[in-house]
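Residue-level listing of the chains:
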Amino acid sequence: MGDDQNVCHDEFGHKYHLIKKIAEGGQGAVYRTQHKDLVVKRELKNGLPVPASEDMCQLFLSLRLLPIPQGLNITLPLAVLKEDSGYVMQLMDEMQSFRAAFSAVPENDAAENEWITQVKSQNTDLGAICSNLIARGGMRRFLRAHLHAAVLMAHLHAAGLVYCDFSANNVFISRDVNFCHVWLIDADNLDIQEETRKRIIYTPGIGAPELCDPEVRVRTGCTFSSDCHAFAAVFFQQLTHHHPFEGKLFEEQIEELGALEEAEFCRDRGDYPWVFDTEDDSNVWEEGAFYRALLPDGIWEILDKTFESGLFKPSLRPSMAEWSYELARSLDVLVCCPHCQMEYYEAQLKCPWCDHVHPQLVLSARFPSGEALWSFAHELDERETIDVPLRLVHGFRASELEETAFRVRWTGHTLEIRKIGEHFATEFSGSDGIRKEAANFVTDAITESFFIFCRDTENNFSIIIEGRILYGTE
Ligand SMILES: [Zn+2]
């Protein structure tokens, strides 16, 4: 440790001024430095820097030998620190942690609109929740961010690597809400499962019970399944700002035991059912009922499987690949109401939050056999073009997360659909029922269904997309 707590040096003698702490976890803190895109992770114990040790240096260096898939958004140590235990890594200046993006007080002003004002007049807390949610980019940004994070984790798992310490402080996202670049930092615990099984690492409050319970943890250590538990716990906490196991029973236990720490210990080792348990409501979180409407059934099922059947049976927890698939499916049918700015799943005649009627696009893809492949729904707005993901034609593929199949423009009366890229050939048919080979198509009669026939000759498959515009009248 140098004389100045805010200065450190790396193994090559470069000096770093620690300007601002941007994340803090169980094992240390991450600081911005005088270099725009370089940050320093410094290990802390009882709030103080830990002196550098040969073991730690070896651990950081051996990370470079792991079979980390190329091109994955994960920052690896560039250089280890000389005096302190820690390292230097690259992290773009315009990134912020998930915690800052989704659970801290929004940097932007809280959103205001007529509907929110009305909700606030009846229930101030609920109004504030909705207003903050919208200011943070709404569920669309939340799901998209977590989809990217889930895919990153799934890639690591597929390569045989356990991340060990997934937390809202270790995953970063673009500060600008118009972008969604997601990076994992803090890779120092990354290793093959055979090695991570020997370690107990978790961020307090989100560790799996087998890591938190001293009676069983010697047998398990960090696994793919404990990563999945941490991901689910972070996902739930970032959305609700509430712990998934803090309900009625937990509150009663604090009173009974007279000590918060003891109740937290019992909470973390799995003594209380999860707050939305499907069979046991003894630990219900009544104030949280509102959040049920923010996620579709498919995601609640994943959370139920993780926190109920999978709580003590890690192998039953849904994998990061299952999370990725379900998050993508949910994201693609999310509709945002232009009046209240709240969101819902699948097209509906009127907004379930404010009853506003607005035009929506619905695209359903199926195989020629009739079997459904993928669905897409989106609000239509004359000021905005819509990028329809390639998933509609290809189904879910982790490598095509941000690829676009069609770009759609709505004029208020007609819909213009343009094929993007050369992945497949298209024929369109409108109300006249005649199939025409084209890469562009304009619907004339918006009350009728239209069809897009997609043919991928290289991979020899065909997909039929049925499109319609839901345009109710007030
Ligand atoms: Zn609405």
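So, how was this worked out
- Residues numbered from 1 in each chain as written.
- Predicted model: local features only at pLDDT ≥ 70, side-chain atom pairs only at ≥ 80, totals over all residues.
- Heavy atoms only, no water.
- Core = buried A, V, L, I, M, F, W, Y, C linked by side-chain atoms within 4.5 Å.
- Buried < 20%, exposed > 50% of the residue type's maximum accessible area, 1.4 Å probe, protein only.
- Helix = DSSP H or I, 4+ residues; strand = E, 2+ residues; numbered from the N terminus.
- Contact = heavy atoms within 4.5 Å.
- 1 Å grid on protein atoms, 1.4 Å probe; cavity = no way out; pocket = protein on both sides within 12 Å on 5 of 7 lines; lining within 4 Å.
- Points joined across faces, edges and corners; volume = space filled by probe spheres on them.
- Nonpolar A, V, L, I, M, F, W, Y, C, P; charged D, E, K, R; others polar.
- Domains from an automatic or database assignment.
- Pairing = 2+ DSSP bridges.
- Salt bridge = Lys/Arg side-chain N within 4 Å of Asp/Glu carboxyl O.
- Donors = N, O, S within 2.8 Å, 3.2 Å for Na, K, Ca; no water.
- Tetrahedral: all angles 85-135°; square planar, octahedral: opposite > 155°, others 65-115°.
- Axes fitted to C-alpha atoms, helices over the stretch in contact; angles between N-to-C directions.
- Parallel < 35°, antiparallel > 145°, perpendicular 65-115°, else oblique.
- Left-handed = near helix turned anticlockwise from the far one by under 90°.
- Disulfide = S-S within 2.5 Å.

(A) Representation of the nonpolar core within the structure. Judged by nonpolar contacts, the single largest core of 109 residues is most densely connected at L303, W323 and F406. At twelve residues, helix α5 (residues 138-158) tops the list of elements feeding residues into this core. In this view, W323 contacts A150, C228, F231, A232, F235, I299, I302, L303 and P318; residues no more than four positions away in its chain are not counted. Counting 13 residues, the second largest nonpolar core, distinct from the first, contains V30, V80, M89 and M95.

(B) Local environment of the layout of surface pockets. Within this model, the largest pocket holds a volume of roughly 1,100 Å³. Surrounding the largest pocket, 36 residues form its lining, R140, R144, H378, E379 and E384 being those nearest its centre. Looking at the lining of the largest pocket, the elements with two or more residues in it are α5, α13 (320-332), β14 (334-336), β17 (372-379) and β18 (386-389). Here the residues of the lining of the largest pocket sort into 16 nonpolar, seven polar and 13 charged. Each of two domains, domain 2 (96-242 + 285-328) and domain 3 (359-470), supplies a minimum of three residues to the lining of the largest pocket. Counted as a void, the second largest pocket has a volume near 370 Å³. Along the wall of the second largest pocket there are 20 residues; nearest its centre are Q27, E43, M56, N189 and I201. When residues of the lining of the second largest pocket are traced back to their parent elements, those giving at least two are β5 (38-45), α1 (54-62) and β8 (86-90). Per-element accounting of the lining of the second largest pocket gives the leading share, four residues, to β5. Here the residues of the lining of the second largest pocket sort into ten nonpolar, five polar and five charged. Two domains each donate at least three residues to the lining of the second largest pocket, and these are domain 1 (7-93) and domain 2 (96-242 + 285-328).

(C) Highlighting the sheet that holds strand β16 (residues 360-366). With respect to topology, six strands assemble into an open sheet ordered β17-β16-β25-β24-β21-β22, the strand pairing being antiparallel. Of all strands in the sheet, those bounded by a partner on one side alone are β17 and β22 (436-437). Taken together, the seven bridges between β16 and β17 define a ladder with antiparallel strand orientation. Considered in β17, the bridge of Q360 is made with E379.

(D) Looking closely at the pattern of salt bridges. Summed over all chains, the structure comprises 24 salt bridges. Linking D188 and K41 is a salt bridge whose minimum nitrogen-to-oxygen distance equals 3.6 Å. In this pair, D188 sits in the loop between β12 (182-184) and β13 (191-192) while K41 sits in strand β5, placing the two residues 147 residues apart along the sequence. Across the pair, exposure class does not vary: D188 and K41 are buried alike. Between D268 and R267 there is a salt bridge, with the nearest N and O atoms lying 2.8 Å from each other. With respect to class, D268 is no different from R267; both count as buried. Connected through salt bridges with shared partners, the residues E246, E264, R267 and D268 form a single ionic network.

(E) Spatial organisation of the coordination of the zinc ion. Here the zinc ion is held by the protein donor atoms C337 (SG), C340 (SG), C351 (SG) and C354 (SG), which lie 2.3 Å from it. Seen from the zinc ion, its four donor atoms lie at angles of 106 to 112°, and the figure they make is tetrahedral. Each donor residue of the zinc ion lies on one chain, and together they are spaced C-x2-C-x10-C-x2-C.

(F) Looking closely at the packing of helix α9 (residues 224-240) against helix α12 (residues 297-309). Running from N to C, α9 and α12 point in directions that differ by 130°, and their axes come no closer than 10 Å. Considering the angle they form, α9 stands oblique to α12. By crossing handedness, the relation of α9 to α12 is classed as left-handed. Taken together, the residues of α12 that come into contact with α9 (itself represented by C228, H229, A232, A233, F235 and F236) are I299, W300, L303, T306 and F307.

(G) How the structure looks around the state of the cysteines. This model, assessed by the stated rule, comprises zero disulfides. No disulfide involves C164; its sulfur sits 4.0 Å from that of C222, the nearest cysteine. With no disulfide of its own, C212 lies closest to C222 among cysteine sulfurs, the gap being 10 Å.

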